[in-house]
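# A structural walkthrough
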Amino acid sequence: MNDTPIVIQRLQGAQDAQQAYCCMTEVSTPWPQSLCLCRDWVVENLGKYIEGYHLQMPSGEVVGHLYYAPSERALFPYEVEPGVGVLYCEWVQQRHQGRGLGKRLFAAFADSMRGAGAKGILVECTDVEGQMHYQRYLARGFLMAYEAGHRKLLYLPLTQPQLSVRPMTPLIRARQGAPVDILIISGYMCPYEASTQVLVREVAGEFGDRVTLREVSLTPNTLREYGVAKGIFINGRQKLTGGETEEQVRQAILEAM
C-alpha cells in the first residue's frame, strides 16, 4: 500500500528514543519498568551503540522500528570486520502487518547502508516464530554465515560478497556450591529480556546471603571480557532468556541450590 500516511523517521534524539520499542506498546505490557529502562538506555547510547528508524503515524505514534549499529560499535557477540551494518531488531505492530511496511522500513535501512558504502548487513536470527525468524531474512537475499543451535547469523552482501566473521567464545564458566552466583549482563536492548532482569533483582533478595548478585553493563570492554552480549547466568549457566514469571525465576534459583 503506497498511499499509507505512515512515514519513516530516523532516530535523532531523546524524544525519538523515548518512543522506542513499539512492540511493547501495541498491547498492555506487564513490564512497564523494563520498557522504561530500555528507552533510557537508548537515550544514553543513541549514536554510539545503537541507531535506528521508526515507522511513524502523522500523530507521532510509532508503529514500527528497526535498530542497528555499525560493526565498529555494535554490541554483538561476533568478531567482524569494520564497514558492516549489524541489525539488532525490527518490528511492525501486528495491526499494521501485511501492508508492506516492513519491506519499506528495511529498504530504507539497506539504502542508507549502500549510501554509506557498507560491505553488507549482518543479523543474528532464531528459528523461533515471531522472534526474528531466519526464513524471513533468507527471503530477502541474506546468506547463512554461521549456525549453532538456535543461533543463526545471516549476511546480506552489498558491496562485498563474503565476510570475515566468527563468534566470540563465551568466557563464563559453570560452577557449583554456595552461595549461588547470579550474573546479569544488561545492555537493555530488549524489554522482553529486561523484564526478567528486573524480576531476578527482586527475587534474589529473598534468599539473603545464599545468593550473590552481580550486574554488568554491556560495553565493548565487557563484551570482550565475557564473550556474550546479554544474559542471566546462574552459577555460570544461562537458564532464563526473557519473559519468565516470578515463580519461574524463583524456581531457577532454587534448582541451582
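Just so it is clear, the structure is predicted and the values come from calculations on it, not from any experiment. Residue numbers restart at each chain and count upward from 1, following the sequence in its written direction. Given that the model is predicted, a residue must reach a pLDDT of at least 70 before its local features are reported, and side-chain atom pairs must reach 80 or more before they are shown or counted; all residues, however, enter totals for whole chains, interfaces and linings. With hydrogens and water excluded, all non-hydrogen atoms of the structure serve as input to the side-chain values.

Turning our attention to helix α5 (residues 191-204). Since the α-helix advances by 3.6 residues per turn, residues separated by three or four positions end up pointing in the same direction. Where helices and strands are cited, they refer to DSSP runs of H or I of at least four residues and of E of at least two residues respectively, numbered from the N terminus. Given the number of residues in a helix, its expected span is that number minus one, multiplied by 1.5 Å. Compared with an ideal rise of 1.5 Å per residue, which puts 14 residues at 20 Å, α5 spans 20 Å between its outermost C-alpha atoms and is within 8% of the ideal. Judged by how many residues are buried, α5 sits mostly within the fold: 10 of 14 residues are covered. Residues of α5 that are buried: P191, A194, S195, T196, Q197, V198, L199, V200, V203 and A204. Only heavy atoms matter for contacts: two residues are in contact if any of them lie within 4.5 Å across the pair. Buried residues along α5 sit against α2 (32-45), β10 (180-186), β11 (211-217), β12 (231-234), β13 (237-240) and α7 (246-256). The buried label applies to any residue whose accessible area, calculated with a 1.4 Å probe on protein chains only, is under 20% of its type's maximum; exposed applies above 50%, and partly exposed to all values in between.

Following DSSP output, two strands are said to pair if at least two bridges run between them. Spatially, seven strands are ordered β1-β2-β3-β5-β6-β8-β7 in an open sheet, and the strand pairing comes out mixed. One side of each edge strand has no neighbouring strand; the edge strands of this open sheet are β1 (7-10) and β7 (143-148). Each adjacent strand pair in this sheet contributes to an overall mean axis angle of 25 degrees, direction not counted. Alignment of strand β6 (residues 120-125) against strand β8 (residues 151-157), held across six bridges, turns out to be antiparallel. The axes are straight lines fitted to the C-alpha atoms, using for helices just the contacting stretch, and the angles between their N-to-C directions are given from 0 to 180°.

Two rings from Phe, Tyr or Trp (for Trp, the six-membered ring) form a pair when their centres sit within 6.5 Å of each other. Planes less than 30 degrees apart are called stacked, planes more than 60 degrees apart edge-to-face, and all others tilted. Scanning the model with the defined rule gives eight aromatic pairs in all. Here Y78 and Y146 contribute two aromatic rings whose centre-to-centre distance is 6.1 Å and whose plane-to-plane angle is 75 degrees, an arrangement assigned as edge-to-face. Here the residue Y78 occupies a position in strand β4 (residues 78-80), and Y146 occupies one in strand β7, the gap between them amounting to 68 residues. Ring geometry for F106 against F109: centres 6.0 Å apart, planes inclined by 70 degrees, an arrangement best described as edge-to-face. In this pair, F106 and F109 are both assigned in helix α3 (residues 101-115), three residues apart and thus about one turn of the helix distant. The two residues F106 and F109 agree in class, both being buried.

Honestly, it's all geometry; don't read function into it.
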